[in-house]
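Descriptive analysis of the structure
Residue-level listing of the chains:
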Amino acid sequence: MMRTKHFSVESSDKLLRFPLPFRTVLEALLSAPPEKPFIIMWKDEDDVETVTFGQFTALASAQANYLKGQELRAGDRVILIMPQGIALMAAFVAALLLGAIPAILAYPNFKIEPAKYRVGLAGASSNLEPRLIIVDDAFPDELIKHVSLGVHSRLVRSPALGTVATVPASPRNSDSDETAFIQHSAGTTGLQKGVALSHTAVLRQINHLGKVLRLSFEDRIYSWLPLYHDMGLIACFILPMVCHLSVVVQSPTEWVMRPASMLQLISDYGCSLAWIPNFTLQFLARRVPMKMRSTYDLSSLRMLINCSEPVRASSMDEFLSAYGASNLRPGALQSCYAMAETVFAVTQSQSNGKTNPSRVWVSANGLRRNKVAKVSQSVNGDAVCFVSSGRCLPGTKLRIVSDEGADLPGGHVGEIWIQSDSMLNGYYNRPDLTSEALRDGWYRSGDLGFQLDGELYVTGRKKDLIIVAGENIYPQDVEEIVSSHSEIQDGRVVAFPIYNAELGTEQIVVVAEVRQHQGLQRRQMIETQLRTSIVTELGVVPRAIYLKPPRWIVKSSAGKPARSTTREKLLGEHPELDPGKGELTSVGNAAND
Amino acid sequence: MSETQQMIEYIVREVVRRPNVQIDENTSLVSSGLVDSLALVDIVIKLEEITHKRIPAGKVQAKDFETVQLMFSAAARVGKACS
């Protein structure tokens, strides 16, 4: 029983004192002021649910007792598939209280076909071998029978909040270096990786990040970010839980249908911090009616942190131009480079609240040809703009490494390698993937970038990944779906990202060879079928699908489709796909061909 | 022009924006990939304009926008009269 005293993390000037004196995330929660509001779950003006830290702890304790009755024990893995909300957060903490290892997976949206959902869940389920898979009451019956269960796994529906007896929390004493929970990366079956994180790593990350962000006891976070994503889970749930901050939450689908609600909530609740993927800025600038803009008061917003998608100057400028009259502070827009493998942030731009992140204009040709960021004095010509992602967090080191594994000097583009004291324990049950990703204690990110004056600029990706509105999608998953169509030549498919300047995010473009020329006469029907297959399996809509005759796709020397070269060929034939001047989606990807 | 016809024309012209695409009030929009979830905001605003009702985002889900018929049913169910 650890809930014996209330420990205040507050100092006299309201700034939090880091490092916080907790060994585990649970110690932090149980030390929170019980009367302080923790989660404000907003659905509509007349439908807001608020729980204090004390009430939340009671809910989690009740869930823990229920799960204990379901034979969940310390060390067991438990998969949570529930919609965004307090019940999901309570179930996550309930698992931690028992010393079990929770992993949150995306809630299936209605587009997913039951038979395909089985495949989607099978990868995570077989790798984690969970004792329990917990779904909510509304989880569709037609999907239940497709949830793949291992020999020792059981599926249970989560009880409604407040329907189980509440007893005080009694967390199991666990080793803070053991795996506490698992975050999943992108991908379906073979590509899915479970990032195993310890309490120690999570608390170190929060201590470093909290200090850099100059967190105050009065900070209040706003979030629409899903909890299966590191930005939603760490920055907008665990960080406020550990630092005893309030967080205003809404679901991603509600936000996307009414983006203005984000501005209304920041205004109404005086939120001071929010994390967002880049496209959000453009979405807010373009999709909120102009007459509404002046009705929002964003003066409370200390930092709106652009993270988890490439940070684009054009998106930031568009937002600043749209909301300059809404009392937005001059330095409110900030940036961050983060990944689940380091718990969350690797770098963070300054938090002095006065200036936006640094920008540099560099010659695109210099980048492409020599992989050198030659700073341009002029914004004309072939100059492209990069926004700084800031400096390393304390306890974190970066290297920029060439294809040959040599350290590169400032201004040279190479792969970003990271060493941090908040690193993953490993990919759960996948020592092969762990040893592939880690070399001599350095995590090879697969991202490309350069450093200038100690700041990191991310330029693109070496690994194959498409980031659609903050969601990570592996092109291999798209290619497999398209390849399985009877009229498509198996293995002769390439999927890649194209930046959509109108949306402020990447989108998926697919090019596929038909088996026989005659297939091109059925182009429209095949494209429609492929589009539906991608949506129902991955939940994302491709921007375009191009069907080409046999032998159109460029092959690499190894005989496989060459993504970068095929992409360039397609862009040459279809100028309508042009990602736009001043935008460089990747530098150096040709190494992958 | 009927309300559903206004919406169909809007979706074809402003949202789908691809040649040779025809839809009716029962055409699957979201699960077919014709309409991206990022475009739902435009459809919500158009639905409010046509029905003169405010649609509370927390009371509808993406599946309520799967067809034109379903979105008008949702507006009738949860829409609030504009003041």
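Residues numbered from 1 in each chain as written. Chains lettered and ligands numbered in written order. Predicted model: local features only at pLDDT ≥ 70, side-chain atom pairs only at ≥ 80, totals over all residues.

1. Quick notes on the overall build of chain A
This is how the line gets drawn: For the purposes of this entry, the term helix denotes a DSSP run of H or I that reaches at least four residues, the term strand denotes a run of E that reaches at least two, and both are numbered from the N terminus. A radius of gyration in this sense is built from C-alpha atoms; the matching globule rule multiplies 2.2 Å by the number of residues raised to 0.38. The exposure label follows from counting other C-beta atoms within 10 Å of a residue's C-beta, where the C-beta atoms are placed from the backbone and the thresholds are 20 or more for buried and 12 or fewer for exposed, leaving partly exposed in between. It is the C-beta atoms, placed from the backbone, that decide contacts: two residues are in contact if theirs lie within 7 Å.
The helix and strand tally for chain A stands at 17 helices and 28 strands. What you see for chain A is a C-alpha radius of gyration of 24 Å, in line with the 25 Å of a compact globule of 593 residues. Based on the C-alpha atoms only, the size of chain A along its principal axes is roughly 70 × 55 × 55 Å. Within the span of chain A, comprising 593 residues, buried residues form 51% of the whole. The long-range fraction of contacts in chain A, counting pairs at least 24 apart against all pairs at least 6 apart in sequence, stands at 73%.

2. Section: the overall build of chain B
When helices and strands are tallied, chain B shows three helices and two strands. Along chain B, from the amino end to the carboxyl end, the secondary structure elements read α-α-β-α-β. If one aligns the C-alpha atoms of chain B with their principal axes, the spans along those axes are about 40 × 25 × 20 Å. Partitioning the intrachain contacts of chain B with sequence separation of at least 6 by distance along the chain shows that 61% fall at a separation of at least 24.

3. Some thoughts on the interface of chain A and chain B
Our working rule: Here the nonpolar group is Ala, Val, Leu, Ile, Met, Phe, Trp, Tyr, Cys and Pro; Asp, Glu, Lys and Arg are the charged ones; every other residue, Gly included, is treated as polar.
Listed by partner, the interface residues are 23 residues for chain A and 19 residues for chain B. Where the side of chain A that touches chain B is concerned, the elements lending two or more residues are strand E1 (37-44), helix H8 (252-257) and helix H16 (523-538) of chain A. For the side of chain A that touches chain B, the residue count by class is nine nonpolar, six polar and eight charged.

4. Some thoughts on the pairing of strand E27 (residues 505-514) of chain A
For clarity, the cut-off: Handedness rule for crossovers: strands pointing away from the viewer, path from the first strand over the helix to the second running clockwise, crossover right-handed.
Counting buried positions along E27 of chain A gives 10 out of 10 residues, so the element sits mostly inside the fold. What joins E27 of chain A to strand E28 (residues 544-548) of chain A is H16 of chain A, and the crossover it makes is right-handed.

5. What about the domain arrangement of chain A?
The line we're drawing: Throughout, the edges of the domains are those of an automatic or database domain assignment.
Domain boundaries in chain A define domain 1 (26-257), domain 2 (272-344), domain 3 (358-461) and domain 4 (466-592). Each of domain 3 of chain A and domain 4 of chain A was reduced to a C-alpha centroid, and the two centroids are 26 Å apart.

6. A closer look at helix H3 (residues 86-97) of chain A
Since the α-helix advances by 3.6 residues per turn, residues separated by three or four positions end up pointing in the same direction. Residues and elements named next belong to chain A. The following threshold applies: In a helix, the anticipated span is given by 1.5 Å times the number of residues less one.
Spanning 12 residues, H3 covers 16 Å between terminal C-alpha atoms, matching the ideal 16 Å at 1.5 Å per step. Judged by how many residues are buried, H3 sits mostly within the fold: 12 of 12 residues are covered. If you check which residues of H3 are buried, you get Ile86, Ala87, Leu88, Met89, Ala90, Ala91, Phe92, Val93, Ala94, Ala95, Leu96 and Leu97.

7. A few points about the confidence of the model for chain B
Residues and elements named next belong to chain B. Applicable threshold: Confidence of the predictor at the level of single residues is given by pLDDT, which spans 0 to 100.
Per-residue pLDDT for chain B averages 91, and the proportion of residues at 70 or more is 99%. Least confident of the elements in chain B is strand E2 (residues 80-81), whose mean pLDDT is 87; most confident is helix H3 (residues 68-78), at 95. Here the predicted complex scores 0.88 on pTM and 0.87 on ipTM.

8. Thoughts on helix H7 (residues 230-243) of chain A
When the terminal C-alpha atoms of H7 of chain A are compared, their 17 Å separation across 14 residues is substantially less than the 20 Å that a helix rising 1.5 Å per residue should span. Downstream of H7 of chain A by one or two residues, His244 of chain A has phi in the positive range, about 60 degrees.

9. What about the sheet that holds E27 of chain A?
All names here are of chain A. Definition in use: When DSSP finds two or more bridges between two strands, those strands count as paired. Axes, fitted as lines to C-alpha atoms, cover a helix only where it is in contact. Angles between the N-to-C directions of the axes lie from 0 to 180 degrees.
Reading across the sheet, the three strands line up as E26-E27-E28 and stay open at both edges, with mixed pairing between neighbours. Either end of the sheet is taken by a strand with one partner, and the two such strands are strand E26 (488-500) and E28. Taking the axes of each pair of neighbouring strands and ignoring which way they run, one obtains an average angle of 20 degrees across the sheet. As judged from the five bridges shared by E27 and E28, these two strands associate in the parallel manner. For Ala512, the partnering residue across the bridge sits in E28 and is Leu547. With respect to the sheet, helix H15 (residues 475-483) is in contact with E26 and E27, its orientation differing from that of E26 by roughly 140 degrees.

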